[in-house]
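Residue-level listing of the chains:
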Amino acid sequence: MSDLSEEEILSQFALNGQFIPEHEDTKPFTSVKQQETNEDRKRKAEQLEWMECPVCLETPRRAPIYSCKKGHIICKDCQPRVGHCPTCRDKHVDCRSLIAEKLLETTLKDYPLHCKFRVHGCSVQDLVENLENHETVCMFRSVKCPANHRGACSWMGPLNKLIQHVIQVKCAQVVKAKPSNSYFVSTIGDFSQDQTVFSKSTPTHWKPVMLISQEALKFFCYAIFYRDASGYWYAYVRSFAPTAVMKTLRVDIRIKKMGVASDHGQFVYTGGVASSEASEQEIREAGDFLLLRDCQVKKFQVNKTIMEYNITLSQVGSESASEIISIPD
Ligand SMILES: [Zn+2]
Ligand SMILES: [Zn+2]
Ligand SMILES: [Zn+2]
Ligand SMILES: [Zn+2]
């Protein structure tokens, strides 16, 4: 596992990089399709077109639908942003179009829509109520680069392209697992030449560390290390996995002197993993991090290597949780 090439990582990811198998309820919708005639479907597609919003060019998925006095439709997301009807310039765009709402509801009841990340390659089609669940866990959903929090990278793109992105741009470090499959070892370095992080009075962020192994690819975890302006060190792990899966993850972070095998003197955090979307404040409140002071970290420094970290990822299983992440063969 430690000698995976980048292509191997990416191809494994293509195989494993799916948080959930297609459940019954997220499978492309076929039962109704088969019963329905092509005529029915054509008619419904047409009806949905009538309800397309002229501003965002999307068909709304649910009520309310607004209109001007003449009946030109506008969706609930665009309505607050326009001062007049985009079709006839009528100033009143706050009428509810109850007939359009009713028509939409009836049409969508048995008409599967495409996942909104279809443009990124997702092929899932389902009824609105299932689709919204799917879209929160879709492997093609848009995510921010992990280096975003330190202002170092503004990339945003589909989750299934993230590893490729960080490998190409080098905005995150990629650490591959040691053979036990979820055990990661690397080091944190000091500034080059005669500068040292210990004399900084501004925060210092290291590149996020993507934790790559066959197992970890399912959870999309990365480690964050930073030292704040007053000499406190934070180490924690975040995950892009959906909340239900994320809550089953446990991480063990050990900070020590490089190459020292003994457990003596090391600092340990064992606990939960934070969401990729959690704010710093939320992580503080949850306590999902290892907190150290300069004096504790300094004693591990050897030349320009400040410390070694060992990270072990594991999953505690409720049955439903292990079911969620099992990968079909
Ligand atoms: Zn709109
Ligand atoms: Zn109008
Ligand atoms: Zn999708
Ligand atoms: Zn990036």
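Look up: the structure comes first, before these words.
What counts and how
- Residues numbered from 1 in each chain as written.
- Chains lettered and ligands numbered in written order.
- Predicted model: local features only at pLDDT ≥ 70, side-chain atom pairs only at ≥ 80, totals over all residues.
- Heavy atoms only, no water.
- Helix = DSSP H or I, 4+ residues; strand = E, 2+ residues; numbered from the N terminus.
- Buried < 20%, exposed > 50% of the residue type's maximum accessible area, 1.4 Å probe, protein only.
- Contact = heavy atoms within 4.5 Å.
- Areas by Shrake-Rupley, 256 points an atom, 1.4 Å probe, with all protein chains shown as cover.
- Core = buried A, V, L, I, M, F, W, Y, C linked by side-chain atoms within 4.5 Å.
- Donors = N, O, S within 2.8 Å, 3.2 Å for Na, K, Ca; no water.
- Salt bridge = Lys/Arg side-chain N within 4 Å of Asp/Glu carboxyl O.

The subject of this paragraph is the overall build of the protein chain. Within the protein chain, the secondary structure is distributed over 10 helices and 18 strands. Within the span of the protein chain, comprising 329 residues, buried residues form 45% of the whole. Contacts in the protein chain between residues at least 24 apart in sequence constitute 61% of all its contacts with a sequence separation of at least 6. Approximately 17400 Å² of the protein chain is accessible, and the part contributed by carbon and sulfur atoms is 49%.

Before going further, it helps to spend a moment on the nonpolar core. Counting residues in each nonpolar core, the largest one holds 36 residues, and the members touching the most others are Phe 225, Val 237, Ile 255 and Ile 311. No other element matches the 5 residues that strand β18 (residues 305-315) contributes to this core. Residues in contact with Phe 225, not counting those within four places in the same chain, are Ile 188, Thr 204, His 205, Trp 206, Val 209, Tyr 234, Ala 235, Ile 255, Met 307, Tyr 309 and Ile 311. In terms of nonpolar packing, the next biggest core, distinct from the first, is built from 26 residues, Val 143, Cys 145, Cys 171 and Phe 220 among them.

To continue, consider the coordination of the zinc ion (ligand 4). For the zinc ion (ligand 4), the full set of protein donor atoms is Cys 145 (SG), Cys 153 (SG), His 165 (NE2) and Cys 171 (SG), at a range of 2.1 to 2.3 Å. Going along the chain, you hit the donors of the zinc ion (ligand 4) in the pattern C-x7-C-x11-H-x5-C. With a gap of 20 residues between them, Cys 145 in the loop between β6 (142-144) and β7 (156-158) and His 165 in helix α6 (residues 162-169) connect regions that are remote in the sequence. Each member of the pair, Cys 145 together with His 165, is buried.

Now for the pattern of salt bridges. This model, assessed by the stated rule, comprises 9 salt bridges. As a salt-bridge pair, Glu 132 and Arg 62 come within 2.8 Å of each other at their nearest N and O atoms. A residue pair is termed long-range when its members are at least 10 positions apart, and Glu 132 in helix α5 (residues 128-137) and Arg 62 in the loop between α3 (38-50) and β1 (65-67) qualify at 70 residues. Residue classification places Arg 62 among the partly exposed positions, given a relative accessible area of 40%.

That is the geometry; function is a separate question.
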